[in-house]
Amino acid sequence: MDGLLSALKGRSLLSLLDISAEEFQALLGLASMLKAGTGSPRCIKVLGLLFQKASTRTRVSFTVAMYQLEGQVIDLNPNVTQVSRGEPLGDTARVLGRYVDIMAIRTFDQGDLEQFRDLSGIPVINALSDLYHPCQAIADVLTVRESFGDRSDLTLTYLGDGNNVAHSLMLGCALAGINVRVAVPEGYEPDKTVLEQAQAIAGDATEVTVTHDPVAAVSGAHALYTDVWASMGQEDLADEREPIFQPYQLNDELLAKADAEAIVLHCLPAYRGKEITNEAMEGGRSRIWDQAENRLHGQKALLVSILGAD
Ligand code: CP
Ligand code: NVA
């Protein structure tokens, strides 16, 4: 376990492109060990949380993870810092880098994360941007592995909007050797560059595909996954998107076409009756609450892996 506790020492995680398949597997292994209570590493460091968007799971799981590691957390919400009064992010980064050991940042622009990493001189973790949600994908893959083990024939189908969560899932599944099908309405496809990057990681081992056909996408799949139809910052578009996304709703009808053991996943928060039905969320196939719990174990593994154990 000792090697795992500093496997990503000093590194940032702005997307899953920042780690290798071997490192990703090691991170998942460490998360499983910590979840099982094997070892109780201490990491007496200070994590700063700078969140430009709302968050329940990410904020709380990072905070609890750090407390369980006997570290400290500082809430650097824009409203309680000079960020909301317009202090440039680059200036904020150069100052905070002299105080705290690591930052988790939730923002709109991926460029903000890169700027912060480059100017602060400390590791930065992407706690969600418009482009990626890597911490979510760590928990997602961990949950799939808990349900099905290390099988090489697994397929996860993502239904909905081809943005941040889909992007990180594509990369995470490719790193983990899980086939991934992304089913989206026309015009809502994932970023072409991210698709190509995921396909390059997958190589000949697995497939990363995009389709407009939700029925074909779920056929025989082992995990069905969805996310909101209008992400944070896109709330004004929710009404116009509803009829466009309706065929991609995760419901019992689509679930019936998946593998007999297929599980249901959602990153949360969920809008029941929109991207997922109440029945699918609350049914026996749902692993959504385990998935949410795994945010804690995945991020604890990430923190200790980057900061090292004291
Ligand atoms: N899934 C997720 O990131 O949830 P929060 O927005 O509540 O952090
Ligand atoms: N795609 C969603 C994910 C929320 C966790 C959003 O960006 O709002």
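These lines cover the structure that appears in this document, whether it is placed above or below. As the structure is a prediction and not an experimental result, all values here were calculated from the model.

1. Brief notes about the overall build of the protein
Right, on to step 1. Within the protein, the secondary structure is distributed over 12 helices and 9 strands.
Right, on to step 2. Over its C-alpha trace the protein gives a radius of gyration of 19 Å, about what one expects of a compact globule, namely 19 Å for 310 residues.
Right, on to step 3. Over its C-alpha atoms, taken along the principal directions, the protein stretches across nearly 55 × 45 × 35 Å.
Right, on to step 4. Each of the 310 residues in the protein was classed as buried or not, and the buried ones make up 55%.
Right, on to step 5. Summing over all exposed atoms, the protein offers an accessible surface of approximately 12,600 Å²; the carbon and sulfur share of this is 48%.
Right, on to step 6. Across the protein, the 25 positively charged side chains and the 42 negatively charged ones have centroids separated by 6 Å.

2. Section: the side chain of Lys-300
Right, on to step 1. Locating Lys-300 in the fold gives a position in helix H12 (residues 288–307).
Right, on to step 2. One buried charged residue, Lys-300, remains without a salt bridge, the closest side chain of opposite sign being Glu-293 at 9.2 Å.
Right, on to step 3. In this structure, Lys-300 is in contact with Leu-34, Ala-65, Gln-68 and Leu-69, ignoring residues within four places of it in sequence.

3. So, the pattern of salt bridges
Right, on to step 1. Counted under the stated rule, the structure contains 14 salt bridges.
Right, on to step 2. Note that Glu-70 and Arg-42 form a salt bridge whose closest N and O atoms lie 3.0 Å from each other. Highlighted residues: Glu-70 in the loop between helix H2 (57–68) and strand S2 (72–75) and Arg-42 in the loop between helix H1 (21–36) and strand S1 (46–51), separated in sequence by 28 residues.
Right, on to step 3. Taking relative accessible area as the criterion, Arg-42 reaches 39% and is therefore assigned partly exposed.
Right, on to step 4. A salt bridge links Arg-117 to Asp-118; the shortest N-O distance between them is 3.0 Å.

4. Comments concerning the site of ligand 2
Right, on to step 1. Around ligand 2 sit Leu-128, Asn-164, Val-165, Asp-227, Val-228, Ser-231, Met-232 and Leu-268, and those are all the residues in its vicinity.
Right, on to step 2. The contact in question runs from an oxygen atom of ligand 2 to an N or O atom on the side chain of Asn-164, over 2.8 Å.
Right, on to step 3. Asp-227 places a polar side-chain atom, nitrogen or oxygen, 2.6 Å from a nitrogen atom of ligand 2.
Right, on to step 4. Protein burial of ligand 2: of its 270 Å² of free accessible surface, 94% is covered by the chains.
Right, on to step 5. A class-by-class count of the residues in the shell around ligand 2 yields 5 nonpolar, 2 polar and 1 charged.

Cut-offs used in this document
- Residues numbered from 1 in each chain as written.
- Chains lettered and ligands numbered in written order.
- Predicted model: local features only at pLDDT ≥ 70, side-chain atom pairs only at ≥ 80, totals over all residues.
- Heavy atoms only, no water.
- Helix = DSSP H or I, 4+ residues; strand = E, 2+ residues; numbered from the N terminus.
- Rg over C-alpha atoms; globule rule 2.2 N^0.38 Å.
- Buried < 20%, exposed > 50% of the residue type's maximum accessible area, 1.4 Å probe, protein only.
- Areas by Shrake-Rupley, 256 points an atom, 1.4 Å probe, with all protein chains shown as cover.
- Lys, Arg positive; Asp, Glu negative; His and termini not counted.
- Charge placed at Lys NZ, Arg CZ, Asp CG, Glu CD.
- Salt bridge = Lys/Arg side-chain N within 4 Å of Asp/Glu carboxyl O.
- Contact = heavy atoms within 4.5 Å.
- Near = heavy atom within 4 Å.
- Polar contact = N/O pair within 3.5 Å; in protein donor to acceptor, adjacent residues only side chain to side chain.
- Nonpolar A, V, L, I, M, F, W, Y, C, P; charged D, E, K, R; others polar.

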